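Fold and geometry: a report
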Amino acid sequence: MRVAIIGAGVAGLTCAHELEKLGITPVIFERNSFIGDQYGHISAYLNIQHRPIKDSLKYFNKHFGISITPVNTINNLTHYSPNKKTVIKGNFGYFIKRGREKDSLFSQLHSQLNKPDINFNTLADYEPLSKEFDFVVAANGTASFTKELGCWHETIKTYVKGGTILGNFDPNTLIMWINKDYCKNGYAYLTPYNEKKASLILVVSEINSNEVDHFWELFWNTENFNYTIIEEFKQEHETGYAYPHKVGNIYLAGNAGGSIDPFLGFGQLSSITMGIMAARSMVYGKDYEKLIKKVVIRHNQWIYEMRKAYNKADNNMYDMIVTGIGLPGIKHLFYHTNFNVIRFGYFYYRLMSKLKGDN
Ligand SMILES: Cc1cc2nc3c(=O)[nH]c(=O)nc-3n(C[C@H](O)[C@H](O)[C@H](O)COP(=O)(O)OP(=O)(O)OC[C@H]3O[C@@H](n4cnc5c(N)ncnc54)[C@H](O)[C@@H]3O)c2cc1C
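Quick caveat, the model's predicted, so the values are computed rather than measured. (Residues numbered from 1 in each chain as written. Predicted model: local features only at pLDDT ≥ 70, side-chain atom pairs only at ≥ 80, totals over all residues. Heavy atoms only, no water.)

**Considering the packing of helix H9 (residues 288-311) against helix H12 (residues 341-356)**
Two packed helices can be described by the angle between their axes and the distance between those axes. Orientation of H9 relative to H12, taken along the N-to-C sense of each, is 55°, at an axis distance of 8 Å. When the interaxial angle is binned, H9 and H12 end up oblique. The two elements H9 and H12 meet at a crossing, and its hand is left-handed. Residue-level contacts link His299, Gln301, Trp302, Ile303, Glu305, Met306 and Ala309 of H9 to Val341, Ile342, Arg343, Gly345, Tyr346, Tyr349 and Arg350 of H12. In terms of residue class, the contact of H9 with H12 is built from eight nonpolar, three polar and three charged. (Axes fitted to C-alpha atoms, helices over the stretch in contact; angles between N-to-C directions. Helix = DSSP H or I, 4+ residues; strand = E, 2+ residues; numbered from the N terminus. Parallel < 35°, antiparallel > 145°, perpendicular 65-115°, else oblique. Left-handed = near helix turned anticlockwise from the far one by under 90°. Contact = heavy atoms within 4.5 Å. Nonpolar A, V, L, I, M, F, W, Y, C, P; charged D, E, K, R; others polar.)

Structure (structure tokens):
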């Protein structure tokens, strides 16, 4: 079986890993001359997001044979709304390094391949490859191919502006801000590399690319930061769902398959799952939609429902949310049990909408 993978990113590399395990060496096409992200940052895996999966890294190891070493564990969540602050302590997940360094996620995934056949500096196109290979996995990190194939349905468009900053940080603390004034329906977060260096990321919804700098400045002024910026980046975040996820012999995986969740914009766990399941579908002839239904499709549908409700909230409501998650009973249920908050949120908002007569 001849398989082409477009993109040596999260979904592409995990797909290659699974194919190797199943006795197939795929040909990978990567447009860059290197393995890794354009911009370095610290990403987060929050265990609360994918319940009943309790610990994402243990899950990858046990079910996919992939081992990922985090930079740190997340033991402290600090939430800010315009007038409230809540601090919660516990085991919440992991900080994972993105970028090009040896301990970054891409490098860790790459190092677990036995015989990687990677064509660097190659901007690949799915169409000619689909004629040359038995299967093509589009894992190119964007919705461009998905749109061409007519499978993309946009849910929310956001712009991300981020930077690497120097200051004093707790390496186990994830800080999150919600404030309509500078995030609109988005949010901002800080993820530390170590005590002295961190990523600061702002996600703003429903704006144009040229407006994001204004919101970034507003964010810094409102929160009164005096960190030193050593690197900055901005990019569009396309969030949507793909259907179908397989067209002919072409599989859509990772962001190309709509892995980014429409609430926080996280997509690593879904991208890894899609890479693995695309490989299993090819080799065992199983239905790809069914294989990704639970962890990716249904999960993102649930989150989308929460997103729609969240969009209606104002800053007063944000204050109530931040206060609410700090209340002992709620804090315990949300953060210290395996209660499926996303699923509950979905059914709760569906019920509320029905009672109010919304569509
Ligand atoms: C700033 C930012 C912060 C994020 N933070 C988090 C987080 O904290 N937690 C989380 O879970 N998720 C986070 N995400 C989302 C997560 O990074 C993505 O969901 C995930 O990386 C998607 O994996 P992928 O394989 O689809 O794409 P990528 O990992 O982006 O890989 C795509 C690869 O394809 C290559 N490529 C593109 N086009 C072509 C082509 N035509 N030919 C050949 N190669 C090509 C690219 O160079 C790249 O190497 C974040 C995203 C951003 C942008």
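Don't stop here, the text continues.
**Some words on the environment of Ile292**
Along the chain, the position of Ile292 falls in helix H9. Looking at Ile292, the relative accessible area reads 0%, which means it is buried. Spatially, the C-alpha atoms of Ile292 and Gly162 are 30 Å apart, while their sequence positions differ by 130 residues. Filtering out sequence-adjacent residues up to four positions away, Ile292 remains in contact with His245, Met274, Met277 and Ile297. (Buried < 20%, exposed > 50% of the residue type's maximum accessible area, 1.4 Å probe, protein only.)

**Description of helix H7 (residues 212-223)**
In a regular helix each residue adds 1.5 Å, so 12 residues correspond to 16 Å; H7 covers 16 Å between its end C-alpha atoms and thus fits that length. Along H7, the residues classified as buried are Val212, Phe215, Trp216, Phe219 and Trp220. In an axial view of H7, the angular spread of the buried residues amounts to 140°, which keeps them on one side of the axis. Pointing more than 90 degrees away from the buried face of H7 are the exposed residues Glu217 and Asn221. As for H7, its buried residues are in contact with strand S8 (152-166), strand S9 (173-177), helix H6 (180-183), strand S10 (187-192), strand S11 (197-205) and strand S12 (228-242). (Expected span 1.5 Å × (residues − 1). Arc of directions from axis to C-beta.)

**Side note on the side chain of Arg98**
The topology assignment puts Arg98 in strand S5 (residues 85-98). Within the structure, Arg98 has its side chain in polar contact with the side chain of Asp37 (distance 2.8 Å). (Polar contact = N/O pair within 3.5 Å; in protein donor to acceptor, adjacent residues only side chain to side chain.)

**Things to note about a nonpolar patch on the surface**
On the surface, a nonpolar cluster with roughly 270 Å² of combined accessible area is contributed by Met317, Met320 and Ile321. Look at Met317 and you get partly exposed, because its relative accessible area is 38%. (Patch = residues over 30% accessible without salt bridge, like charges linked within 9 Å, V, L, I, M, F, W, Y side chains within 5 Å. Areas by Shrake-Rupley, 256 points an atom, 1.4 Å probe, with all protein chains shown as cover. Salt bridge = Lys/Arg side-chain N within 4 Å of Asp/Glu carboxyl O.)

**With respect to the pattern of salt bridges**
Evaluation of the coordinates by the stated rule reveals 12 salt bridges. Notably, a salt bridge pairs Arg98 with Asp37, separated by 2.8 Å at the nearest N-O pair. Taken as a pair, Arg98 in strand S5 and Asp37 in the loop between strand S2 (27-29) and strand S3 (41-46) lie far apart in primary sequence, 61 residues in all. Glu232 is paired through a salt bridge with Lys161; the nearest N and O atoms lie 3.5 Å apart. Of the two residues, Glu232 sits in strand S12 while Lys161 sits in strand S8, which places them 71 residues apart along the sequence.

**Concerning the environment of Ile276**
Within the fold, Ile276 resides in helix H8 (residues 268-284). Given a relative accessible area of 0%, Ile276 falls into the buried group. Not counting the four nearest positions on each side in its chain, Ile276 is found in contact with Thr14, Cys15, Glu18, Phe64 and Ile66.

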